[in-house]
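Tertiary structure, described
The residues making up each chain are set out below.
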Amino acid sequence: MSTMNEREHTAEAAEAEPAALRRLTDVVRSRGGAAQLCVLRDGAVVLDRAFGCSPDSLFLAYAATKPFAALAVHALAERGLIELDQPVAAYWPRFAQHGKGTVTVRHVLQHRAGVPVGRGMVRTMRTARDWERSVRDLEQSRPKWPGGKVAAYHFMSYGFILGELVQRVTGQSFRDFVTNEFFVPLGLDDLHMGLPDDAWHRHVPAKADHPSEWPNQWMSNRRGYRQSVIPSAGLSGTATQLARFYQMLLCDGTLDGVRVLRPETVAEARKPSNDGGTDASLKRPVRWSHGFMLGGPGQDPRDLALVMGRAGGTDTFGHAGTTSSVVWADPERKLVCAYLSNVQPEFGAGIERLREVSDLVLETCGAA
């Protein structure tokens, strides 16, 4: 069973391909669990449905949180409070320890800071709920590569480095900055950087669909984790509101007449930094920008650009959240897609599932 949002147009009014639309909803429904899917074209709602949950159920976005940390830093650069090509240590002196003094803010945005994990993956996971310990571990971490040399997905360190910069430069908590600068002005009251007590009853538990995902299910279903501010993986929200946030980015920083970013700032965040080379952490080809994953018709079937569709344009930008969710915007086609699911398959199978949904979205909108 699925619940249709009242904002959704008929297939004819939305100029959607009806047969593809049925295949899309059938595929999402057949996977079981809970899911939300919101598709916008030129700002109009093509599809906005909840499957096995309520339209206001709150999903954990996992790694799809990272663009929010990146955009917070880009907002500070826009105001002249941070320079992207300055060392991180210019704002956070203790980060310079063990040879990290030349790592720039830009390197972090590109996943090229050389510290994909602070002090080991197990410790990183154990300390993710503790901001201060995570920050201390990054100060004491030893880089695996010199800054700027190797693109290697910064699993948790990405958000904590950028988030700590935001806190040091503004004097605000990272949560307060993102909420006050983005969520409140845009009217996005159901995006939460750390789930508040009064919204806990609406959270959607993760559901491992493969033994490899059992640790993630155990960790992310803990109340302490969901309620912590984890700037790489802790955003909770709905597909509808995530889609509206990306509509703002598609409109060069403006939504419903409210500007939160300049067009050149959005362009800087979307600028490519790794054009399909194999990521040293993920062991797959990835197109990184300065805050997003980028799309494009990759030649390698393992290319993570495919999570945004095989027919996706090279200027499509967004981010996947583990193997269960993906949010993206296609500027050429004026499309936004936000797909959130609580079912977590094995990594490779999950990437294929995300690709299938994105392919069907493009087909539904006549873009495949």
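First, a word on scope: everything that follows refers to the structure included in this document.

The rules behind the values
The numbering scheme is per chain: residues are counted from 1 as the chain's sequence reads. Where local features are concerned, this predicted model is filtered to residues with pLDDT of at least 70; where side-chain atom pairs are given and counted, the filter is 80 or more; whole-chain, interface and lining totals use all residues. As a rule here, side-chain values come from all non-hydrogen atoms in the structure, and water together with hydrogens is ignored. In the cavity and pocket records, a cavity denotes points on a 1 Å grid over the protein atoms alone where a 1.4 Å probe fits but cannot get out, a pocket denotes an open set with protein on both sides within 12 Å along at least 5 of 7 lines, and lining residues are residues with an atom within 4 Å of a point. Grid points are joined across faces, edges and corners, and a volume is the space filled by probe spheres set on the points. Here a helix means four or more residues in a row that DSSP labels H or I, a strand means two or more in a row labelled E, and each is numbered from the N terminus. Classification convention: Asp, Glu, Lys, Arg as charged; Ala, Val, Leu, Ile, Met, Phe, Trp, Tyr, Cys, Pro as nonpolar; all other residues, Gly among them, as polar. For a helix, the expected span equals 1.5 Å multiplied by the residue count minus one. Any residue under 20% of the maximum accessible area for its type is buried, any over 50% is exposed, and the rest in between are partly exposed; the area is computed with a 1.4 Å probe on protein chains only. A contact between two residues is defined here by any heavy atoms of the two lying within 4.5 Å. The working definition used for a salt bridge is a side-chain nitrogen of Lys or Arg within 4 Å of a carboxyl oxygen of Asp or Glu.

All right, on to the layout of surface pockets then. Counted as a void, the largest pocket has a volume near 1,100 Å³. Of all the secondary structure elements, the ones that give two or more residues to the lining of the largest pocket are α4 (121-127), α8 (214-220), β13 (317-321) and α12 (347-364). Counted by class, the lining of the largest pocket contains 27 nonpolar, ten polar and eight charged residues.

Glancing now at helix α6 (residues 157-170). For α6, which comprises 14 residues, the first-to-last C-alpha distance of 20 Å matches the rise-based estimate of 20 Å (1.5 Å per residue) to within 8%. A large share of α6 lies buried, amounting to ten of its 14 residues. What α6 keeps buried is the set Ser157, Tyr158, Gly159, Phe160, Ile161, Leu162, Gly163, Glu164, Leu165 and Val166. Turning to α6, the residues buried within the fold contact α2 (66-78), α3 (105-109), α5 (131-140) and α7 (174-186).

A complete count under the given rule lists 20 salt bridges for this structure. Note that Arg262 is salt-bridged to Glu78, the shortest N-O span being 3.9 Å. In this pair, Arg262 is assigned in the loop between β9 (258-259) and α11 (263-270) and Glu78 in helix α2, connecting sequence segments 184 residues apart. Close ionic contact of Arg106 with Glu268 constitutes a salt bridge, the shortest N to O distance being 2.8 Å. Here Arg106 is found in helix α3, whereas its partner Glu268 is found in helix α11, with 162 residues between them in sequence. A single burial state applies to Arg106 and to Glu268, both of which are buried. Where salt bridges share partners, they join Asp85, Arg106, Glu268 and Lys271 into one cluster.

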